[in-house]
Amino acid sequence: MVFGLKRKATAEKTPIFSPDQPPEEGIGIIFKVGGNGGMYVKSLVEDGPAARSGMIMVGDCLLSVDGKTAFGKPTDKVVRMLLGPFGSEVGL
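Residues numbered from 1 in each chain as written. Predicted model: local features only at pLDDT ≥ 70, side-chain atom pairs only at ≥ 80, totals over all residues. Heavy atoms only, no water.

Caption draft 1: Region of the structure containing the sheet that holds strand 5 (residues 39-44). What the 3 strands build is an open sheet, ordered 4-5-6; its pairing is antiparallel. Here the strands that pair on one side only, and so sit at the sheet edges, are strand 4 (29-33) and strand 6 (61-62). In terms of strand pairing, strand 5 meets strand 6 through 2 bridges, oriented antiparallel. If you follow tyrosine 40 over to strand 6, its bridge partner there is cysteine 61. (Pairing = 2+ DSSP bridges. Helix = DSSP H or I, 4+ residues; strand = E, 2+ residues; numbered from the N terminus.)

So this is what it looks like as structure tokens:
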């Protein structure tokens, strides 16, 4: 299933930024890596975009981000794929 979520700032984390680019936000998912290299939803940030959507559940496996394969990629690369400007959409 492919759907879009809008990114939102959360109180639990500080946006990632550098002086030459705007802050980036996530979608409120905490992941764990499975034995097969897949990234699975461990928990959702309360009132975050993912939790509010009602479409992502604990235990779901992230297969792609914006049409690009996420399964089996290093965690830091997948996290970077999920980050973007506040209010922008990401397809999962």
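Caption draft 2: Structural detail: the pairing of strand 4. By the bridge criterion, 5 bridges tie strand 4 to strand 5 in an arrangement that is antiparallel. Paired with valine 33 across the two strands is methionine 39, which belongs to strand 5. The antiparallel hairpin formed by strand 4 and strand 5 contains 5 residues in its connecting segment, where glycine 37 sits at a positive phi of about 90°.

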